[in-house]
Amino acid sequence: MCAESRPSKVDKKSTPLKDEIPSKELRSWVTDYRETRKIYIPGTDVDVGYALWWAMLFSLKRLLWRYALYALGWPRGSLETYFTSACVVAIYHSATLLFGLYAILRSQKYVPSGKLQPSPSWYNDATHSLMSFCTGYMIYDSIMGYVVETWQPGKGPVLTADDKLYLGHHILTTLYMMSARCIKAGHMSAMSLMFNGEFSSPFMNLSFILEKMLQSDCCRNFGWLPSLHVYAEQLFSIVYLICRVAVSPFVIGHVTFDLLFTKNGRRDVPIWISLLWMPLCWGVQFGSIGWIMTCIETIKTGPFGESLFGASLNEL
């Protein structure tokens, strides 16, 4: 890889940033990306410096939250403490990313296979910034969560079956985003899938944190905690089912149709790349069936299911 010290290719004096970007929600994304030192993949103009920068920041945040939990009485060196600190960082990542993705997806006409090249310079930089931010999270979580925190002396990383699935998800998601950036097309498909996939993440991780609090000696005696956990779990289940059952098939179906069955889609995204992307898109959807069934059971047996549907739901 080669490093480039130029903070940006854009002449910010001739084009004021404030006037250039129509969406104020994207200004910080563009500014940060332009001011970060660039590290390009050899033979391309795809920068990985911003992703590596965020991977470092995410790792630092995880460590800071770990020690904050230690200070609150959580056990040192415990996998539960590691997991909880990871959930806090995951909420930060998802919530931050969702606002940016919402702003950028509504700023341009939505075409999953659309090319990045003709877009305005601010849109190019915002796209690279958001996808690099997510890539940085995938890099950080792969290393911290599935190498550092699972390392056993003499054995190396010891991963469960679920760990391997999550690690595979991180790797494939990163390849999807990086390939879209390399060919300068298909970025909207990646960002729409990211938006729908990340939408339930804050609710899921909040539920996980409350669950770990119930299991922790320092928190389990809070009288309000069991009820809060039940409602958080119910809320996550509802949001997850909306995203994965009601929305996701249509989003992935539209992406599939545009990439494979439209003239512009086949022109702008090489067919072999589209065919590689399809298992990634649909694999995540079918891979979520287990979680979908769990969420259905959670709603059926919880207060939302009982209040909305009464006893009849529990008979299904």
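This is a predicted model, so every value here is computed, not measured.

Calculation rules
- Residues numbered from 1 in each chain as written.
- Predicted model: local features only at pLDDT ≥ 70, side-chain atom pairs only at ≥ 80, totals over all residues.
- Heavy atoms only, no water.
- Helix = DSSP H or I, 4+ residues; strand = E, 2+ residues; numbered from the N terminus.
- Rg over C-alpha atoms; globule rule 2.2 N^0.38 Å.
- Buried < 20%, exposed > 50% of the residue type's maximum accessible area, 1.4 Å probe, protein only.
- Expected span 1.5 Å × (residues − 1).
- Contact = heavy atoms within 4.5 Å.
- Phe/Tyr/Trp six-rings, centres within 6.5 Å; stacked < 30°, edge-to-face > 60°.
- Lys NZ or Arg CZ within 6 Å of the ring centre and 35° of its normal.
- pLDDT = per-residue confidence, 0-100.
- Salt bridge = Lys/Arg side-chain N within 4 Å of Asp/Glu carboxyl O.

*Asks:* Explain the overall build of the protein chain to me, please; I cannot follow it from the model alone.
*Replies:* Along the protein chain, the regular secondary structure elements total 14 helices and 4 strands. The C-alpha atoms of the protein chain give a radius of gyration of 21 Å, which matches the 20 Å a tight globule of 316 residues would have. Expressed along its principal axes, the backbone C-alpha trace of the protein chain runs to roughly 60 × 45 × 45 Å. Out of the 316 residues in the protein chain, the part that is buried amounts to 48%.

*Asks:* I would appreciate a short explanation of helix H5 (residues 121-148) in the present structure.
*Replies:* Each full turn of the α-helix corresponds to 3.6 residues, which orients residues three or four apart in the same direction. If you check H5, its first and last C-alpha atoms are 38 Å apart, about what 28 residues at 1.5 Å a residue would give, namely 40 Å. For H5, the tally of buried residues reaches 23 of 28 residues, placing the bulk of the element in the interior.

*Asks:* Whenever I open this one, helix H8 (residues 201-215) confuses me. Can you help?
*Replies:* Here H8 is 15 residues long and its end C-alpha atoms lie 21 Å apart, about the 21 Å a rise of 1.5 Å per residue gives. Of all the positions in H8, only Ser201, Pro202, Met204, Asn205, Ser207, Phe208, Ile209, Leu210, Lys212 and Met213 are classed as buried.

*Asks:* What is the right way to read the environment of Ile41 from this model?
*Replies:* By secondary structure assignment, the location of Ile41 is in the loop between strand E2 (38-40) and helix H3 (49-71). Look at Ile41 and you get partly exposed, because its relative accessible area is 22%. Through-space distance from the C-alpha of Ile41 to that of Tyr92 is 28 Å; in sequence the pair is 51 residues apart. For Ile41, the contacting residues outside a window of four places in its chain are Val46, Val48 and Met178.

*Asks:* Is there a simple way to think about the packing of aromatic side chains in this case?
*Replies:* The geometry of two aromatic rings is summed up by the distance between their centres and the angle between their planes. For the coordinates displayed, the defined rule picks out 22 aromatic pairs. Here the aromatic rings of Tyr67 and Tyr70 are separated by 5.3 Å at their centres, their planes lie at 85°, and the arrangement is edge-to-face. Placement of both Tyr67 and Tyr70 in helix H3 is noted, with a separation of 3 residues, approximately one turn of the helix. According to the relative accessible area criterion, Tyr70 is buried, its value standing at 11%. Look at Tyr240 and Trp291: their rings are 6.3 Å apart centre to centre, the planes differ by 55°, and that puts the pair in the tilted class. One end of the pair, Tyr240, is in helix H9 (residues 225-261); the other, Trp291, is in helix H12 (residues 289-301), with 51 residues separating them in the sequence. The partly exposed category is assigned to Trp291, whose relative accessible area is 30%. Members of the aromatic cluster, joined through ring pairs, are Trp29, Trp54, Phe58, Tyr92, Phe133, Tyr137 and Tyr140. If you follow Lys38 out to its NZ or CZ, it ends over the ring of Tyr33, 4.6 Å from the centre. Positioned above the aromatic ring of Phe83, the side-chain terminus of Lys212 is 5.2 Å from the ring centre.

*Asks:* Before we go on, may I ask you to explain the environment of Leu52 in this structure?
*Replies:* Here Leu52 shows up in helix H3. Measuring from C-alpha to C-alpha, the distance between Leu52 and Ala246 comes to 35 Å, with 194 residues separating the pair along the chain. Setting aside residues no more than four positions away along its own chain, Leu52 makes contact with Ile39 and Ile139.

*Asks:* Honestly, the confidence of the model for the protein chain in this entry has me stumped. Any pointers?
*Replies:* Do not read the fine detail of predicted coordinates wherever pLDDT is low. With 91% of its residues at a pLDDT of at least 70, the protein chain reaches an overall mean of 90. Note that pLDDT drops below 50 for residues 5-19; the model gives that stretch 20 contacts with residues more than four away or on any other chain.

*Asks:* Sorry if this is basic, but what is going on with the pattern of salt bridges here?
*Replies:* Think of it this way: side chains of opposite charge can pair up when their charged atoms draw near. Considering all chains together, one arrives at 9 salt bridges under this definition. Between Lys184 and Asp45 there is a salt bridge; the shortest N-O distance is 3.0 Å. A residue pair is termed long-range when its members are at least 10 positions apart, and Lys184 in the loop between helix H6 (161-183) and helix H7 (187-198) and Asp45 in the loop between E2 and H3 qualify at 139 residues. With a relative accessible area of 22%, Lys184 lands in the partly exposed category. Among the residues examined, Asp45 registers a relative accessible area of 37% and is labelled partly exposed. Asp268 serves as the salt-bridge partner of Arg267, at 2.9 Å between the closest nitrogen and oxygen. On the basis of relative accessibility, which here comes to 11%, the residue Asp268 falls in the buried class. Among the charged side chains, a salt-bridge network with shared partners connects Arg62, Arg66, Asp141 and Glu149.

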